[in-house]
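Working through the structure, step by step
Each chain, written out:
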Amino acid sequence: MTETDRQLAHRLEQAIRDLLERRAATASICPSDAAREVYEGDDDGWRALMEAARRAAWRLVAAGEVEVTRAGRPVTEAEARGPVRIRRAGSHRPRSR
């Protein structure tokens, strides 16, 4: 990983933390929110950062800081297919039955 890659990775991880901090404790974000936050243009170039944003989320999962969810339930990286969300670790509330 080059220094530029490391800087981008750090910026994406921090963007995820910052975005979650600005939301309700039980709220979640999309990886695209982090990509948009760090992208320095005003076009759709943030899309090129999506894979890096997902990788940043998985690093934060490994650190115990966040959970990645699909349909409101935590998933592993191997299970994550399609749209996912990121939320603070342990921030889910039980669903009523």
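Note that the coordinates shown come from a computational prediction; the quantities given were computed from them, not determined experimentally.

**A short note on the sheet that holds strand E1 (residues 28–29)**
Strands belonging to one sheet form pairs held by backbone hydrogen bonds; the direction of such a pair is parallel or antiparallel. Read across the sheet, four strands follow the order E1-E4-E2-E3 without closing on themselves; strand pairing throughout is antiparallel. Each of the sheet's edge strands pairs with one partner strand only, and the pair in question is E1 and strand E3 (73–74). Judged from the two bridges that link them, strand E2 (residues 66–70) and E3 form a sheet pairing that is antiparallel. Considered in E3, the bridge of Thr69 is made with Pro74. Helix H3 (residues 50–62) contacts E2 and strand E4 (85–88) of the sheet and is inclined by roughly 125° relative to E2.

**Comments concerning the packing of aromatic side chains**
Summed over the entire model, instances satisfying the criterion amount to zero aromatic pairs. If you follow Arg36 out to its NZ or CZ, it ends over the ring of Trp46, 3.8 Å from the centre.

**Structural notes on helix H2 (residues 31–38)**
Along H2, the positions that sit buried rather than exposed are Pro31, Ser32, Ala34, Ala35 and Val38. Axial view of H2: buried residues confined to an arc of 160°, hence all on one face.

Reading guide: rules and limits
Residues numbered from 1 in each chain as written. Predicted model: local features only at pLDDT ≥ 70, side-chain atom pairs only at ≥ 80, totals over all residues. Heavy atoms only, no water. Pairing = 2+ DSSP bridges. Helix = DSSP H or I, 4+ residues; strand = E, 2+ residues; numbered from the N terminus. Contact = heavy atoms within 4.5 Å. Axes fitted to C-alpha atoms, helices over the stretch in contact; angles between N-to-C directions. Phe/Tyr/Trp six-rings, centres within 6.5 Å; stacked < 30°, edge-to-face > 60°. Lys NZ or Arg CZ within 6 Å of the ring centre and 35° of its normal. Buried < 20%, exposed > 50% of the residue type's maximum accessible area, 1.4 Å probe, protein only. Arc of directions from axis to C-beta.

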